[in-house]
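Each chain is listed here by its residues.
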Amino acid sequence: MKFLIKESQFEKVVFRYLDDLDLELIKGLITYEFHGTPVMSDTMRDYLASRIIVVFKVDMDCYVKSDFTQDICDVFSLTPGESLDVIGKWIENKLGITLSSVYSYFGAD
């Protein structure tokens, strides 16, 4: 059985899902970073591995780790482009900013 819902209602569901992931936001000098696991590691490798989303303040480009994007595709039956769009809207809403682009390198990270 399929249900028809408005786009705004769908976005609210996805936003709630993203909020419930409890991603840790780190506001740096040149980036905003969302991490999926605690950043209390002693190694830079663990720190980088936990980074899921990076917003570069200089041009407001947003990089989303491809595994995370694919998870959103799978959970909500979205295409990669639709997934990046809704993640970008969530970030804009969360940070009160306007992004210039949202991208991911599928299979490369």
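We now turn to the structure provided with this report. The structure displayed is predicted, hence computed values, not measured ones.

**Some remarks on unusual backbone geometry**
No. 1: Despite not being glycine, Asp22 has its phi angle at roughly 50°, a positive value.
No. 2: Structurally, Asp22 can be placed in the loop between α1 (7-20) and β1 (24-27).
No. 3: Even without being glycine, Met60 reaches a positive phi, approximately 60°.
No. 4: With respect to the helices and strands, Met60 occurs in the loop between β3 (51-56) and β4 (61-64).

**Here we look at the side chain of Glu11**
No. 1: Looking at where Glu11 falls in the secondary structure, it is placed in helix α1.
No. 2: According to the relative accessible area criterion, Glu11 is buried, its value standing at 18%.
No. 3: Looking at Glu11, its side chain comes within polar contact range of the side chain of Lys89, at 2.9 Å.
No. 4: If we ignore the near neighbours within four places in the chain, the residues touching Glu11 are Val86 and Lys89.

**Remarks on the sheet that holds strand β5 (residues 101-103)**
No. 1: Read across the sheet, 5 strands follow the order β1-β2-β3-β4-β5 without closing on themselves; strand pairing throughout is mixed. Edge positions in the open sheet fall to β1 and β5, since each of these has one partner strand only. For this sheet the average axis-to-axis angle between neighbouring strands, irrespective of direction, equals 15°.
No. 2: Sheet topology places β3 next to β4; 4 bridges connect them, and they run antiparallel. Looking across to β4, one finds that Val54 is bridged to Tyr63.
No. 3: The strands touched by helix α3 (residues 66-76) are β3 and β4; relative to β4, the strand with the most contacts, the crossing angle is about 75°.
No. 4: Sitting on the sheet, helix α4 (residues 80-95) is in contact with β1, β2 (31-35), β3, β4 and β5, with an inclination near 115° to β2.

**Overview of the pairing of β3**
A regular strand carries its side chains on alternate faces of the sheet.
No. 1: Pairing analysis gives 5 bridges linking β2 to β3, with the strands arranged antiparallel. When the bridges of β3 are listed, Glu33 appears paired with Val54.
No. 2: Counted along the chain from β3 to the antiparallel partner β4, the turn is 4 residues long, and its residue Met60 has a positive phi close to 60°.

**Brief notes about the pairing of β4**
No. 1: Burial along β4 is two-sided: Asp61 and Tyr63 facing one way and Cys62 and Val64 facing the other are all buried.
No. 2: Sheet analysis places β4 next to β5, joined by 3 bridges and oriented parallel. Residue pairing for β5: Tyr63 is matched across the bridge by Tyr103.

**Let's talk about the packing of α1 against α4**
For any two helices packed against each other, one specifies the crossing angle of their axes together with the interaxial distance.
No. 1: Contact pair α1 / α4: the axes reach a minimum separation of 10 Å and the direction vectors enclose 70°. Between α1 and α4, the angle falls in the class roughly perpendicular. Contact with α1, carried on its side by Glu7, Glu11, Val14, Phe15, Leu18 and Asp19, involves Val86, Ile87, Lys89, Trp90, Asn93 and Lys94 of α4 and no other residues of that element.

Criteria and thresholds
- Starting afresh in each chain, residues are numbered from 1 along the sequence in its written order.
- Confidence filtering applies because this is a predicted model: local features only for residues at pLDDT of at least 70, side-chain atom pairs given and counted only at 80 or more, and all residues used for totals across whole chains, interfaces and linings.
- Each side-chain value is derived from all of the structure's non-hydrogen atoms; neither hydrogens nor water enter the calculation.
- Strands are runs of DSSP state E lasting at least 2 residues, helices are runs of H or I lasting at least 4, and numbering of each runs from the N terminus.
- Burial status follows relative accessibility: with a 1.4 Å probe on protein chains alone, a residue under 20% of its type maximum counts as buried, one over 50% as exposed, and anything between as partly exposed.
- Polar contacts, as counted here, are pairs of nitrogen or oxygen atoms within 3.5 Å of one another; within protein the pair requires one atom able to donate a hydrogen and one able to accept it, and residues that are adjacent in sequence qualify only if both atoms are side-chain atoms.
- Any two residues whose heavy atoms approach within 4.5 Å at even a single point are treated as in contact.
- In this scheme, strands are said to pair when DSSP sees at least two bridges between them.
- Helix axes are fitted to C-alpha atoms over the stretch in contact, other axes to C-alpha atoms as well, and angles between N-to-C directions run from 0 to 180 degrees.
- Each angle gets one of four labels, with under 35 degrees taken as roughly parallel, over 145 as roughly antiparallel, 65 to 115 as roughly perpendicular, and the rest as oblique.

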